[in-house]
Amino acid sequence: MAGIIKNQILKHLSRYVKNLSSDKINLSTFKGEGDLRNLELDEEVMTELLSLPTWMKLTRATCNLVLIRIPWTKLKSIPIHLSLDEVSIRVEACEELRTGNLQNPTFAASGFGKYGFVNKVIDGITATVNSVEIIFHSKEFESKVQISRIRLESRAPDWSKVELSGTRLKDMNKGETLLFKEMEWQTLRLEARSTSDSHLAPLRLLTNQAKAHIVIKKKLNDSQVLGCRLSLILDDLIWVLTDSQILAALHFTSSLSGLVKQATETTQRIKAARKLESLPEYQAQISQTSAMNRTPISKFDIYDVKETSYHFVCEKIDLHFCDDPGSGRSQHPDLKDGGAFQLSLTQVMVDFYPYHLAKGSRKHWQKYSNNTIEQWLAQSLQGFKISLIETLSTGSMHSPLIRTHPQGQVHSSLGIESNPVKEEVTSRLGKLMSTCLVVKVQDLCIFRVTTSSKRTAPFPFVSTFIERPKDLPVIHTEFCWYYYPGEICFPLPSPKIYAYLHPVQINLDVCTILWLNSFLSNLHHAMEDVNPPEKNSSYVDVRLEVLMPKIIFENTCEYTGQKERPRALHIQVSRVTLSNFRSSETGTLHQLTQCIELLQRGDLIYGSDFPSKDTDVPLLHEKFVKHAEGQDKLRTTKKLNCTSFTEIASDLTQEFLWTDSRDVWYINLNPCWLDFHVEEKKKDFTGTVSTTSKKKGMNRLGQNDGKNTNTLIYPFIDSLQVSLWIYVDETDKENSKGKAKNKNIHTLFSADGIGRVQLTHYQFLFLMRMVEAIGEMSLYLTLDSKSIIGNDVLKNLVTFVGYINSLEVSLLFPPTSDGKQESPSMEIDSVILESCNGETECENPNERLEKVTEIFTKNHLLFQRPLVVNPLSTSPMTRSLGGGSNPNLGSNSGNGFPSLGQSVKHSLTNLAVSYKAGGLSTPDSEIVSNWSNISSDSSDNFIQLDAGDPYGATVSILNTNVDGGDETDNEIEVAVEVEENIFVEERSTPSPPCLSHDISVSRADQDTITSVVTLQLQGIEIAQEGQGLNSTIKLQCKSVALKESPEICWKDFQDKFCGRKRSTENEINGPHLGSPTQRRAIKLRLTQTINDEIFSNILNSDEIVTIIKEISTPTSPRINLTDRPGTISPIRKAIQYSTDANLEVKIDLTNETQFQLHMSTCIGLSDLLEDEILPNPIPMNIDIIALKLELIEDRPPPNITSPGSIPLKVEIPSFLHISRDQRGIFQLGSIPGSKNELHLTNSSGETEEDSEKEFLKNELEKTLLQLQQCQLRNISLEQEKEENECLKGLIVNLQEEVSKLQNEKLTLLKKYQLNYH
């Protein structure tokens, strides 16, 4: 019996095992046990049996011991168990693709026939292996993989352990069965070494326990494998890599990439032809039915393998990158000893679908729910189909096409439907297959670089900051390639890359950015030396979307006594879109044309006049113009005139429609805004933190950031939509070492809407330190690239040119004097009058009174306690009720209407708060009525005083029914006592606006006063060009205006700042654009050059080295300008002494109106723009033409005998030159000679006389406009006078009603006293 079994084993195994004899087989028939020793497998047979890729072959496979255990009586429920001790496998990479038996896909299943009992037993085998060693050898490297404790067994569909019969699912209607296998191992060790370059470091990887889930689908009639789903699952993966190890890994992959790509394409086409027949979508397409009509009513449908797929799942991946010593490190002092960088990824999922029907559904994909990408791919495929049919329709034999149909289908005339060419096109597109790679990361955190000198807990560099649903990953990326099954050669859609990032924040760190730049530049440069990249090697459509990203620049230093100083600047964007192809969502050629036309209206990009020079590089690259006109095609589409498909088949290559360029990138920021974050909750001149302003449905002012309860948010730049167009020009140039590649980056910029900026002193200081840190980072980026790549980096050019329609810069500073201000109550006056004189006019005084009261209630101007005044001091009380002094009002009665309206409103405000139910005023009190006016002439303002109050007088007004109807029961409230002395002498100076020293209201505690100067710039053109260590900034604007608010409520200013109407887009034909010959108000040119040799010598000098050692401490070892922003910073000194800068400004205010400023404003501006660090003087030349300035002295006079001041008017009708040298010495005066005459002539050739005529004409127009405004103001004053008369009448009626009520009250009290007695 044993001999018969041995012979059967030899008969079947001799096909796979070399030199197999009976003495190597030991059997125990009745026990069902046996073993085989020292087996050597046949390499060629096993290579075909395992279906190894055609770019590799098996050279040796041995096993020292195989144990087998067969449960003869329970084969249906208990699987056969195979136990292998040690398995050794050797694999080699082929120099050329081997000719495998790909045409016989059933090689592995040959001889089995219909799926029966024997197949079930074999498929249910459980195998264990103690250790497997796989050695791979190629010309470039040799690798070894060691896997221990492998176990392969059958499982239930939910991967639980069950009997063998429960590990299979069968569908007799489909004739298919599903097998479920699980393989797990204890450890995996990978080691790779280079065989061609001994300098490359070995690559090592060690993983812990892992497992794989395998689902196999077979046919029941022939046991053929239809598809499989393989899922590799890892718990945690930690990998430490140096730059030399990564370079070695890149060498290994590049040595095999060409051969692997060729083999994959060949194998994929052959297998896809077989896979296509089994896809449900393709079968439904043939039968004209829907593949999704059948709902998953059976368990088989739930676990069915619709298509072959491979999956990788890892709970957490931690990658640690370190840089090796050498020239690849950054030159920054903080990074001289190297650094480490950590990348942490949570729940990483990689899905690979090699045989997916292009037009098929993705509903069966694992954990896939991104409909946006699926819709984009479907639209792209539909557009490709339309484009291909239209291209083939250019011949005379075709009829015109109807482009689209409401249902999204392509329709054509009857002639096209009967055309065999187009029928063939539709048929072949129906067979289009795709390879899809999906990468999803649930969460990520990239930590800042750490150095040996600063061993602290790592701080995030890139991280998430918003909680998301569990099924919403932070990164979703897809790669999609198209191909046809078999040997079909037909046009293909371009490959697609789509990436979607959910909210992430970037905490900018100078050391991290410098380290990454050096690390990646070193790798890229090393790979270019080995494998130079091919030009135009890839043609792919890229689309990247980032939702709500945030960039944070944080100030790590502590400043004592500067509680209002920002801690961080947050740059936020609602949505960022980046793409390299044109569509309605990713930038159109029309939008690029609009951007170019906006720039061409000015003379900055083409002109040679100041601020441009003849030696400047062109700012507008010709690539943008060609791209906008569609003249940058990669190739021209060949016109096809044919009568049959066979005539054009040879011309229809895969890249037939790949004609549009993919090197112009479009970035859309929609919209972006900037905010300052202040830590401590303290009051300052900018107002209380409770002040709010609505913006995009969110509260940005005085709000908490959700992390630190003491963090407040203040706006810096209001929301603005920004569009960028980027082109990277790579040119090859000859040098002494051979060919060098220069990369020039050109950028176009445009902003839709009005840009609004506000700035305070401490925010200005924050920006100055931030600019210095960015300058330091830019300098070291260039120096590091130069040291790694070479001096050719200094020839790389970066240009940036853009246009802003309008920009408003508001400078906020505390009032420097007790001068005059804009009263917020004056704005309320206008609100009330507009409300009463709008479309719905107040019919009678009663409605007018109700309207006024309603407006006061809506604007939250109700006092929290009644007014308290001093009965012996009339003048201060009157000023309080009048709302304070106003610079626009005199002391006569004719100008007293606004103040009278304020006093009435203050009185009406108390209508809702003067009485309460249980509060009786003091009985038997003598009521005194006083009338007062701001002019002290007549008594118009009615106040009710309680003279019996020993501490003061109570102001109250009875809220009665002015219509004469039923009187409502009102509550009476006794006012609080006056905190100040009753006897207050009348002050000679006016009291502060709105609030008197005798009145205490809550608004005085909530709203503070600030001074604001707003600079309005129109038609701004800005450009920047940098090459190496040289940089030039050019700016010019059409017009400039200055608006001053000496004193304004901070809350009111913020409401205006965030609530003002915005323009949605730039008008191409708008009047603000002007023309290249139009006069520009401001022209500026700033040049800067850094001498790297001087910088290095200073930084490496003994003095600076000593300073670095002194300031570097274990707790604060870094010396970069972010951590060390003070004057002691050695990097700051080195940059200052090695930088040569020059500023040139030309200001032509011929077309502008006269500027008016208060002297306190000038002092406030000088204080605001004062830096905390004394900078080196920058040489400058400023030319001023036609300046008209009026300075108003509003500061209190130093002498009590001063008669007052008159405005100081300054006019520069022709020309003034201001210069400053490197010593900081200013020189004033016009420049003699031709240069002065040149400044007196504008760009259109006008003389000084013509300019004066134009000036007089403008002044006349302005005078007429002022007269019209005065006329309108007079009409408004008349209306206010009428309304005030009506209000006076209402007050008289109220007084009468109050008297009646008081009389009734006294009568009732007397009756009550008589009844009581």
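The notes below deal with the structure included here. The written sequence of each chain sets the order in which its residues are numbered from 1. In view of the model being predicted, local features appear only for residues whose pLDDT reaches at least 70, and side-chain atom pairs are presented and counted only at 80 or more, with totals across whole chains, interfaces and linings using the full set of residues. In computing side-chain values, all of the structure's heavy atoms are included and hydrogens and water are not.

### Examining the overall build of the chain
Then step 1. Starting at the N terminus, helices and strands are each numbered in turn, a helix being any DSSP run of H or I of at least four residues and a strand any DSSP run of E of at least two. A tally of regular secondary structure across the chain gives 26 helices and 46 strands.
Then step 2. Per-residue burial for the chain yields a buried fraction of 46% across its 1317 residues.
Then step 3. What makes two residues a contact is simply this: any of their non-hydrogen atoms within 4.5 Å. Sequence separation of at least 24 residues holds for 77% of the intrachain contacts in the chain that already meet a minimum separation of 6.
Then step 4. Only the protein chains shown count as cover for residues, and the accessible areas themselves come from Shrake-Rupley with a 1.4 Å probe. When the accessible surface of the chain is summed, it comes to about 67900 Å², and 54% of that surface belongs to carbon and sulfur atoms. Each residue is placed in one exposure class: buried if its accessible area under a 1.4 Å probe, protein chains only, is under 20% of its type's maximum, exposed if it is over 50%, and partly exposed if it falls in between.

### Structural notes on the sheet that holds strand 41 (residues 1155–1158)
Then step 1. Paired strands are those between which DSSP finds at least two bridges. Judged by pairing direction, the sheet is mixed, and its three strands sit side by side in the order 41-43-44 without closing on themselves. One side of each edge strand has no neighbouring strand; the edge strands of this open sheet are strand 41 and strand 44 (1208–1212). Averaged over all pairs of adjacent strands, the angle between their axes in this sheet comes to 20 degrees, without regard to strand direction.
Then step 2. Here five bridges tie strand 43 (residues 1187–1192) to strand 44, and the two strands are oriented antiparallel to one another. Counted as the bridge partner of Leu1187 is Ile1212 from strand 44.
Then step 3. Between N-to-C directions, angles span 0 to 180 degrees; the directions come from axes that are lines fitted to C-alpha atoms, helices contributing only their stretch in contact. Helix 24 (residues 1159–1168) contacts strand 41 and strand 43 of the sheet and is inclined by roughly 80 degrees relative to strand 41.

### Section: the pairing of strand 39 (residues 1082–1090)
Then step 1. Judged from the eight bridges that link them, strand 38 (residues 1030–1049) and strand 39 form a sheet pairing that is antiparallel. Residue pairing across strands places Ile1033 opposite Leu1086, the latter belonging to strand 39.
Then step 2. In the sheet, strand 39 pairs with strand 40 (residues 1139–1148) via nine bridges, with the strands oriented antiparallel. Residue Arg1085 lies in a different strand from strand 40, and its bridge partner there is Glu1144.

### A look at helix 22 (residues 1102–1111)
Then step 1. When helix 22 is considered as a whole, its buried residues turn out to be Ile1104, Ile1107, Ile1108 and Ile1111. Along helix 22, the residues classed as buried sweep out an arc of 100 degrees about the axis, all on the same side. Exposed residues on helix 22 whose side chains face more than 90 degrees from its buried face are Asp1102, Lys1109 and Glu1110.
Then step 2. As for helix 22, its buried residues are in contact with helix 21 (1092–1099) and helix 23 (1130–1138). The arc in question is the one spanned by the directions pointing from the helix axis to the C-beta atoms.

### Notes on unusual backbone geometry
Then step 1. Note the cis peptide between Phe610 and Pro611, where omega equals 15 degrees.
Then step 2. Note the cis peptide between Asn670 and Pro671, where omega equals -25 degrees.
Then step 3. Backbone geometry places Trp159, a non-glycine residue, at a positive phi of 65 degrees.
Then step 4. Mapped onto the secondary structure, Trp159 falls in the loop between strand 7 (141–154) and strand 8 (168–171).
Then step 5. For Trp159, a relative accessible area of 22% gives the class partly exposed.
Then step 6. One non-glycine residue, Ala1186, lies in the positive phi region at around 60 degrees.
Then step 7. Relative to the assigned elements, Ala1186 resides in the loop between strand 42 (1180–1185) and strand 43.

### Side note on the packing of aromatic side chains
The description of an aromatic ring pair uses the distance of the two centres, along with the angle that the planes make with each other.
Then step 1. A pair of Phe, Tyr and Trp rings is counted when the ring centres sit within 6.5 Å of each other, with Trp represented by its six-membered ring. The angle between the planes then sorts it: under 30 degrees is stacked, over 60 is edge-to-face, the rest tilted. Following the criterion strictly, the structure yields 24 aromatic pairs and no others.
Then step 2. Through pairs of rings, three or more aromatic residues link up here, namely Trp55, Phe136, Phe141 and Phe252.
Then step 3. Directly above the aromatic system of Phe465 lies the positively charged group of Lys550, at a separation of 4.3 Å from the ring centroid.
Then step 4. Put simply, a charge is over a ring when the Lys NZ or the Arg CZ is close to the ring centre, within 6 Å, and near the line of the ring normal, within 35 degrees. A cation over an aromatic ring shows up here: Lys1146 above the ring of Phe610, its NZ or CZ 4.6 Å from the ring centre.

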